[in-house]
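Here's the letter readout for the chains.
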Amino acid sequence: MSEEKKGGIPFIKDASENLPPAAAETIDESIDAANAENASVSGKFANAASSNAAQAGEGAADASGKSKPKKHMFTRRDVLAMCGCGVGGLVVGGVLASWGVTERSIASGRIDIRTTPLKMIVTDRAKCSGCQRCEMSCTLKNDGRVCQHIARVRVWDNYNFGAGVDTGDGIFEDCQFTVEHCKQCEDPWCANYCPVHAIYADPKTGARVVDDQVCIGCGMCAQACPWNMPRIDSETDVSTKCVSCGRCAAQCPNGAITFVDWKNIAQAALDAGVVRTITLVDA
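Model, not experiment: these values are computed from the prediction.

## Considering the nonpolar core
Ranked by internal contacts, the top residues of the largest apolar core, which has 20 residues, are V95, L96, M120 and I265. Contributions of two or more residues to this core are made by α2 (76-83), α3 (87-92), β3 (111-115), β4 (119-124) and α9 (262-272). Per-element accounting of this core gives the leading share, 5 residues, to α9. If we ignore the near neighbours within four places in the chain, the residues touching L96 are L90, V91, V101, M120 and I265. C134, C248, C252 and F259 belong to the second largest nonpolar core, which has 14 residues in total.

As structure tokens, this is what we get:
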């Protein structure tokens, strides 16, 4: 670049004026490309700033309490804490009577209840007709085929058994069918005896489930379970067990199996007055 005097102030003249036209055009194109790149970068920074501002706005809304509240999912822990008692206390207090769960029905062996963090599973022997639709629907949903041998809920195992020894109410007399399903034990032997730790508690449902990518099909879980509930699928060589999906209950024509939401039990506890000094809020 050359320097000239303009009004006593040094003035730098653009050196490109002294270059050939082709060279000058090349310089101009380079400058335009650089400007475009700078504009693109500026745009990206602007978008990032806008995104950060939006997130900050959402955070401010959450902090101010104006954001949309999340729906609360009632769990077993919530309800038992609200009532200040265990499941036995709910039975004695009449909270579960609308589902046929009373002291008398449990003592007679007609009703069996099991709990998971999200559901209470109620089975009623008096309503079971032995149609085995629960077994078929279970395997159709979880295995894609009807195979009652690996069903996670079973009726046929109990066809020849009555209420007790020498009662005469087996299959040839006044038969009473019994629905057997996974008890979802708090301390599950099936998981404890699995040599590869393939059985774990599902973080969402709390059900003890089998990781089919880890299971080696050894059958130790089935041998360890007092009710022999896990079964090895002969086609996949992997153990199967109940995942508390509820399909058996949905397909039972007589209502012998019921999956009860803890939210409904919480409402029943309120109606029965079996609550502590807290308020149930449906967010």
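## Here we look at the side chain of D233
The topology assignment puts D233 in strand β9 (residues 231-233). The class for D233 is buried, based on a relative accessible area of 2%. In this structure the side chain of D233 is engaged in a polar contact, spanning 2.9 Å, whose partner is the backbone nitrogen of E235. Other than its neighbours up to four places away in sequence, D233 contacts D143, R145, I150, V238 and T240.

## Overview of the side chain of T139
With respect to the helices and strands, T139 occurs in helix α5 (residues 133-143). By relative accessible area, T139 is classed as buried at 0%. If sequence neighbours within four positions are ignored, T139 has contacts with G144, R145, V146, C147, I150, A151 and R152.

## Topic: the environment of D271
Tracing the backbone through its elements, the reader meets D271 in helix α9. With 176 residues separating them along the chain, D271 and V95 place their C-alpha atoms 8.2 Å apart.

## Let's talk about unusual backbone geometry
Phi is positive for Q132, close to 70°, though the residue is something other than glycine. In this structure, Q132 sits in the loop between β4 and α5. Residue Q132 is classed as buried on the basis of its relative accessible area of 17%. Positioned with a positive phi, Q184 is a non-glycine residue whose angle comes to about 50°.

## Looking at the layout of surface pockets
A probe as big as a water molecule, rolled over the atoms, marks out the empty space that is left. In this structure, the largest pocket encloses a volume near 260 Å³. Forming the boundary of the largest pocket are 13 residues, of which D143, R152, D212, S239 and T240 lie nearest the centre. Broken down by secondary-structure element, the contributors of at least two residues to the lining of the largest pocket are α5, β8 (208-210) and β10 (238-240). When residues in the lining of the largest pocket are grouped by element, the largest group, 3 residues, is from β10. In terms of residue class, the lining of the largest pocket is made up of 4 nonpolar, 4 polar and 5 charged. What the second largest pocket holds in volume is close to 200 Å³. Lining of the second largest pocket is provided by R76, R114, T115, T116, P117, K183, Q184, C185, E186, G206 and R208. Taken together, the residues of the lining of the second largest pocket break down into 2 nonpolar, 4 polar and 5 charged.

Reading guide: rules and limits
- All residue numbers here refer to positions counted from 1 along the written sequence of the relevant chain.
- The predicted nature of this model means local features are confined to residues of pLDDT at least 70 and side-chain atom pairs, given and counted, to a pLDDT of 80 or more, with totals for whole chains, interfaces and linings taken over all residues.
- Side-chain metrics rest on all non-hydrogen atoms present in the structure, leaving aside hydrogens and water.
- Here, nonpolar core refers to any group of buried Ala, Val, Leu, Ile, Met, Phe, Trp, Tyr and Cys residues whose side-chain atoms link them within 4.5 Å.
- Here the term buried applies to any residue with accessible area under 20% of the maximum for its type, exposed to any over 50%, and partly exposed to those in between, with areas from a 1.4 Å probe on protein chains only.
- Strands are runs of DSSP state E lasting at least two residues, helices are runs of H or I lasting at least four, and both sets are numbered from the N terminus onward.
- We call two residues in contact whenever any of their non-hydrogen atoms come within 4.5 Å of each other.
- Identification of polar contacts relies on pairs of N or O atoms within 3.5 Å, with a donor-acceptor requirement for protein atoms, meaning one able to donate a hydrogen and the other able to accept it, and with residues adjacent in sequence counted only if both atoms are side-chain atoms.
- Points on a 1 Å grid over protein atoms alone make up a cavity when a 1.4 Å probe fits among them but cannot get out, and a pocket when they form an open set with protein on both sides within 12 Å along at least five of seven lines; lining residues each have an atom within 4 Å of a point.
- Grid points are joined across faces, edges and corners, and a volume is the space filled by probe spheres set on the points.
- As a working rule, the residues Ala, Val, Leu, Ile, Met, Phe, Trp, Tyr, Cys and Pro are called nonpolar, Asp, Glu, Lys and Arg charged, and the rest polar, with Gly in that last group.

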